[in-house]
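Each chain, written out:
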Amino acid sequence: MSILVTGGAGYIGSHTVKELLAQGEQVVVIDSLITGHRESVGDEAFFVQGDIRDSAVLDSLFTTYQIEAVIHFAASSLVGESVQQPLEYYDNNLLGAHALVAAMERHGVKRIVFSSTAATYGEPKRVPIEETDATEPTSPYGETKLAMERMFRWCDQAYGIKSVSLRYFNAAGAYPDSSIGEDHKPESHLIPLILQVPLGQREHITMFGDDYPTEDGTCIRDYIHVMDLANAHWLALKYLRDNGTSAIYNLGNGTGFSVKEVIEVARQVTGHPIPAVSAPRRPGDPAVLIASSDKARQQLGWQPRYADLRTIIQTAWDWHNRRPHGY
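A brief structural summary.

Procedures and definitions
- Residues numbered from 1 in each chain as written.
- Predicted model: local features only at pLDDT ≥ 70, side-chain atom pairs only at ≥ 80, totals over all residues.
- Heavy atoms only, no water.
- Helix = DSSP H or I, 4+ residues; strand = E, 2+ residues; numbered from the N terminus.
- Expected span 1.5 Å × (residues − 1).
- Buried < 20%, exposed > 50% of the residue type's maximum accessible area, 1.4 Å probe, protein only.
- Contact = heavy atoms within 4.5 Å.
- Phe/Tyr/Trp six-rings, centres within 6.5 Å; stacked < 30°, edge-to-face > 60°.
- Lys NZ or Arg CZ within 6 Å of the ring centre and 35° of its normal.
- Core = buried A, V, L, I, M, F, W, Y, C linked by side-chain atoms within 4.5 Å.
- Axes fitted to C-alpha atoms, helices over the stretch in contact; angles between N-to-C directions.
- Parallel < 35°, antiparallel > 145°, perpendicular 65-115°, else oblique.
- Left-handed = near helix turned anticlockwise from the far one by under 90°.
- Nonpolar A, V, L, I, M, F, W, Y, C, P; charged D, E, K, R; others polar.

Here the focus is helix α1 (residues 11-22). The end-to-end C-alpha separation of α1 is 17 Å, in line with the 16 Å expected for twelve residues at 1.5 Å each. A large share of α1 lies buried, amounting to ten of its twelve residues. Looking at the packing, one finds that the buried side of α1 touches β1 (2-6), β2 (27-31), β4 (67-72), β6 (162-168), β7 (170-172) and α7 (226-241). Gly24 sits one or two residues past α1 and shows a positive phi near 85 degrees.

Here's what the structure looks like:
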């Protein structure tokens, strides 16, 4: 029996594949490679290039590899792009999830772990954010992820398909041996953008807003190492195998770091001065986003192993320094 990982050539997906293989699982990856990287999957997992909206491809996969459960990453995931191209996001994300779950139903597969997002919350009313807080997305990206969560809930009621949706915050870092890491084009995440400065790919890092109501005036975010996210997907799969009911979990460190703090730790890790320039706030950027992950810790037994910010940035730097232009 195999685990199907959709979008398994992406950043978090490829690290989850590594975790599953380390746990002795047989893994099948499907990825369109529009944003993913074939090299990130390696040769231990079975790989199929394809679009999950193609029912014939899915039927072939489920039949050939005897799929037991699905871990679903495949989706478009840029907030700004989703605002500019909402129809593309509804097409790729919602229709993709629909085709996937329909194939699961046809083939009697009853377990799915879903890569959701903190974007389902929108502007938080309080921090740390808990799973029971209001979900009011402020982007089509967040809306489509929330719609998928709700679709899974109804499919549980109708077909008995159990799901775990993992809402996570700022993924960062790379595999500890630097064999795989983060490679987005274009890059939009803070830590790899900062590291482009010591790599000579940009002259400075821009801080959007230095007048927030925080201790140093910059935004505070919850950074979680990508391998801790990968481990959570494995634990969620185990939970469903143990007859767990459908559930939603936040994943984060529970500790926030400001933009200035992240830049300062990156300076220490790289030994580079990393000049920083202030710019006006970006519309819609909350001052503080921090997750409460108590539920995941208690029910899944999840415990971040790379919670220290320096460790997170060190693994990211090791990867980017080794592969400055990515895959």
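Once you've had a look at it, read on.
Moving on, we get to the packing of aromatic side chains. Scanning the model with the defined rule gives four aromatic pairs in all. Relative to Phe152, the ring of Phe114 lies with its centre 5.1 Å away and its plane at 70 degrees, an arrangement referred to as edge-to-face. With Phe114 in strand β5 (residues 111-117) and Phe152 in helix α5 (residues 140-159), this residue pair connects regions lying 38 residues apart in the sequence. Considered together, Phe114 and Phe152 belong to a single accessibility category, that of buried residues. Positioned above the aromatic ring of Tyr175 is the side chain of Lys18, whose terminal nitrogen or guanidinium carbon lies 4.6 Å from the ring centre. In this structure, Lys295 is placed above the aromatic ring of Tyr249, and the distance from its NZ or CZ to the ring centre is 5.1 Å.

The next point concerns the side chain of Asp31. Relative to the assigned elements, Asp31 resides in strand β2. In contact with Asp31, other than residues within four places in its own chain, are Gly7, Gly8, Ala9, Gly10, Gly36, Phe47, Val48, Gln49 and Gly50.

Over its 22 residues, helix α4 (residues 86-107) extends 31 Å from the first C-alpha to the last, a length consistent with the 32 Å expected when each residue adds 1.5 Å. Residues of α4 that are buried include every one of Tyr89, Asn93, Gly96, Ala97, Ala99, Leu100, Val101, Ala103 and Met104, and no others. Remark: Gly108 follows α4 within two positions and exhibits a positive phi of approximately 70 degrees.

As a further point, take the nonpolar core. By size, the foremost hydrophobic cluster in this structure holds 41 residues, and its most contacted members are Val5 and Leu166. Counting residues per element, the ones that place at least two in this core are β1, α1, β2, β4, β6, α7, β11 (247-251) and α9 (294-300). In terms of residue count, α7 provides more of this core than any other element does, eleven residues in total. Beyond its immediate sequence surroundings of up to four residues, Val5 is in contact with Gly13, Val17, Leu20, Val27, Val28, Val29, Ile30, Ile71 and Phe73. Core analysis: the second largest hydrophobic core is formed by 26 residues, Leu195, Tyr223, Ala266 and Leu309 among them.

The subject of this paragraph is the packing of helix α2 (residues 55-65) against α4. α4 packs onto α2 with a crossing angle of 40 degrees between their chain directions and a minimal axis gap of 10 Å. One element, α2, and the other, α4, form an angle in the oblique class. For the pair α2 and α4, the sense of crossing is right-handed. Taken together, the residues of α4 that come into contact with α2 (itself represented by Ser55, Leu58, Asp59, Phe62 and Thr63) are Ala99, Leu100, Ala103, Met104, Arg106 and His107. Taken together, the residues of the contact of α2 with α4 sort by class into six nonpolar, three polar and two charged.

Any functional reading would require information that these geometric values do not contain.
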